[in-house]
Amino acid sequence: MIPAIAIGGFLLAGLFAGVRLLRGPTLADRVVALDVTLISMMGGVATYAADRGDDSYLSLLVVIAIVGFTATVAASRFIEHEAEKP
Amino acid sequence: MNAVASVLVLAGAALAVLAGVGLLRFSTPYARFHAAGKASPVAFLVTATGAAFEFGLSGAGTLAVASAAMVLTLPVGIHLLFRAVHRTSPGEHLLVDDLIAAEHRDRGSSDGG
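In this report, the structure presented in the accompanying data block is examined. (Residues numbered from 1 in each chain as written. Chains lettered and ligands numbered in written order. Predicted model: local features only at pLDDT ≥ 70, side-chain atom pairs only at ≥ 80, totals over all residues.)

Let us look at the overall build of chain B. Scanning chain B for helices and strands turns up four helices and zero strands. Order of helices (α) and strands (β) in chain B, N terminus to C terminus: α-α-α-α. In terms of overall size, chain B is more extended than a compact globule, its C-alpha atoms giving a radius of gyration of 19 Å where 113 residues would be expected to give roughly 13 Å. Taken along the three principal axes of its C-alpha coordinates, chain B extends 65 × 35 × 15 Å. (Helix = DSSP H or I, 4+ residues; strand = E, 2+ residues; numbered from the N terminus. Rg over C-alpha atoms; globule rule 2.2 N^0.38 Å.)

Further remarks concern helix α2 (residues 27-52) of chain A. Given a rise of 1.5 Å per residue, 26 residues ought to cover 38 Å, and the 38 Å separating the end C-alpha atoms of α2(A) matches this to within 8%. With respect to burial, α2(A) is a largely interior element, 19 of its 26 residues being buried. (Expected span 1.5 Å × (residues − 1). Buried ≥ 20, exposed ≤ 12 C-beta atoms within 10 Å, placed from the backbone.)

Time to look at the interface of chain B and chain A. If you look at the interface, chain B gives 45 residues, while chain A gives 44 residues. If you list the elements that add at least two residues to the side of chain B that touches chain A, you get α1 (3-25), α2 (29-52) and α3 (57-88) of chain B. Examining the composition of the side of chain B that touches chain A, we find that 17 residues originate from one element, α3(B), more than from any other. The residue inventory of the side of chain B that touches chain A, partitioned by class, reads 31 nonpolar, eleven polar and three charged. (Contact = placed C-beta atoms within 7 Å. Nonpolar A, V, L, I, M, F, W, Y, C, P; charged D, E, K, R; others polar.)

Attention shifts here to the environment of B:Leu45. Residues and elements named next belong to chain B. Take Leu-45: it is sitting in helix α2. Owing to 19 C-beta atoms within 10 Å, Leu-45 belongs among the partly exposed residues under this scheme. Distance from Leu-45 to Leu-8, taken between C-alpha atoms, is 9.6 Å for residues 37 residues apart in sequence.

What follows is the structure in C-alpha cells.
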C-alpha cells in the first residue's frame, strides 16, 4: 500500500513535468522538465526495488543519473550554440 | 517495508510532487530551475535513504553511489541551463541583472586584444 502511494506521487511529479515539457516556453524549460521526469523515475525505481527487496534494480539508478547529466549538458551547449548563429 | 523506510519514502514522494508543482506554477525560467534543481535531488536523497533501510550493505552502497552521482552532477547541469537562458534572453526575466553589466565591462576592456 505505502509503496503504491509513493510511486503514485512520483508519477504525479512526472506528470507535472510532462505538462511543463509540452508548454515550454523556452527550450531550457523543456530540458529541465525532462530532468525532473528522470529524477522522479529514479525515485520510483528506488521505491519499487525497496518494495520487492531486489537490489538488481539499483545499478539502473546510477546509469539514469549519469545519462541525465550528459543529456542536460549537451542540450545546454546546443541552446547556446543555436543562439550564437546569425 | 519497515516504518522508518515507509516514512522516508513517502516524504521523498511528497517532495517530488512539490518539485513538480513548483516546475508547473512558477512564472519565470529561473524560478522553475530553482524548484527543479533543489527540491528534486533532495526528494531523491530522502527516498534513497529510506530505500537503503530495506537492503544490505551492498544495496545501500549502490544507492549511495547513485545519490553521489546525482548530487555532484545535477547542480552543474542546472547551472549550465541558467547560463544558457541568461545568454539567449539576457535581462528578460530579472529586475536587476548585474551579470550583464559585468560582462559588458569585461568585453569593453578586452576589445583591444
